Amino acid sequence: MAKTKSEVVEEKVVEKVVEKKSLIAQLEEEGDIAADYLEGLLDIADLDGDIDIDVENDRAALAIAGGKLSHLVGGRGEVLDSLQELTRLAVQTSLGERSRLMLDIDNFRSDKQTAEEVKSTGEAIKLRPMNAFERKVVHDTIQEIGLTSESEGEDPDRCVVVLPA
């Protein structure tokens, strides 16, 4: 017996829901592996820090806070970028698939605070220079919050400007 059009649409919706759940489960697994790796690094360096695991913008997001961790960020985030890449490689080694996880230390990459400030003051805010990947994540986050943003300048000093709605 042939399926009706509504049955076919319902099946596709169910497939997408299952697909989304499996993506979230995969990202949570990435986050767990990354957190274990980072915890090991913090232990080796005898540093204290709390690791928070989340899923944002269809990627695992980890944040380390507490203790004296600014030297793990670096002057312009170069140490943080390197730690993020090492963590991605650890996840890839474990799962056999490339990871797009984001790592933040001491809210260095926190865009939500900036967005709230732009909303309350109504004035544009220029962020620190970032690489293309970081700018893409910021643009996605700012759009999700309901504001607009644009990139400005030339690499390596290209940055994001968050604009009021």
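Use the structure listed above.
Quick caveat, the model's predicted, so the values are computed rather than measured.

This part is about the overall build of the protein chain. Regarding its fold elements, the protein chain presents four helices and six strands. Counting helices and strands in the order they occur from the N terminus, the protein chain gives α-β-β-α-β-α-β-α-β-β. Relative to its 165 residues, the protein chain shows a buried fraction of 30%. A separation of at least 24 residues holds for 56% of the contacts in the protein chain among residues at least 6 apart in sequence.

Once that is clear, we can look at the nonpolar core. Residues L62, I64, L69, L72, L101, L103 and I105 are the most contacted members of the largest nonpolar core, which totals 18 residues. Every element with two or more residues in this core is listed here: α1 (5-44), β2 (59-65), α2 (78-95) and β3 (102-105). It is α1 that provides the largest number of residues to this core, a total of five residues. Residues contacting L62, with those up to four places away along its chain left out, are G31, A34, A35, L38, I51, D52, I53, L101, M102, L103 and D104. Residues V118, L127, L147 and V160 belong to the second largest nonpolar core, which totals ten residues.

To continue, consider the pattern of salt bridges. A complete count under the given rule lists five salt bridges for this structure. Residue K136 is joined to D140 by a salt bridge in which the shortest nitrogen-to-oxygen separation is 2.8 Å. Placement of the pair is K136 and D140 together in helix α4 (residues 132-145), with a separation of four residues, close to one helical turn. The class of K136 is partly exposed, set by a relative accessible area of 46%.

It is worth spelling out the packing of aromatic side chains at this point. The full count for this structure, using the stated rule, is zero aromatic pairs. Across from the ring centre of F133, 4.6 Å away, lies the NZ or CZ of R88, which sits over that ring.

Our next topic: the packing of helix α3 (residues 112-121) against α4. Taken N-terminus to C-terminus, the directions of α3 and α4 make an angle of 45 degrees; their axes are 10 Å apart at the nearest point. Accordingly, the angle class assigned to the pair α3 and α4 is oblique. Crossing handedness for the pair α3 and α4: right-handed. Of the residues in α4, those touching α3 at K112, A115 and K119 are T141, I142 and I145.

Spatially, three strands are ordered β4-β6-β5 in an open sheet, and the strand pairing comes out antiparallel. Strand pairing shows two members of the sheet lacking a second neighbour, β4 (125-129) and β5 (148-152), which therefore form its edges. The mean angle between the axes of side-by-side strands here comes to 25 degrees, regardless of whether they run parallel or antiparallel. As defined by bridge partners, β5 adjoins strand β6 (residues 159-163) across five bridges and the pair is classed as antiparallel. Bridging across to β6, E152 finds its partner in C159. Packed onto the sheet, α3 meets β4 and β6 and runs at close to 160 degrees relative to β4.

Calculation rules
Residues numbered from 1 in each chain as written. Predicted model: local features only at pLDDT ≥ 70, side-chain atom pairs only at ≥ 80, totals over all residues. Heavy atoms only, no water. Helix = DSSP H or I, 4+ residues; strand = E, 2+ residues; numbered from the N terminus. Buried < 20%, exposed > 50% of the residue type's maximum accessible area, 1.4 Å probe, protein only. Contact = heavy atoms within 4.5 Å. Core = buried A, V, L, I, M, F, W, Y, C linked by side-chain atoms within 4.5 Å. Salt bridge = Lys/Arg side-chain N within 4 Å of Asp/Glu carboxyl O. Phe/Tyr/Trp six-rings, centres within 6.5 Å; stacked < 30°, edge-to-face > 60°. Lys NZ or Arg CZ within 6 Å of the ring centre and 35° of its normal. Axes fitted to C-alpha atoms, helices over the stretch in contact; angles between N-to-C directions. Parallel < 35°, antiparallel > 145°, perpendicular 65-115°, else oblique. Left-handed = near helix turned anticlockwise from the far one by under 90°. Pairing = 2+ DSSP bridges.

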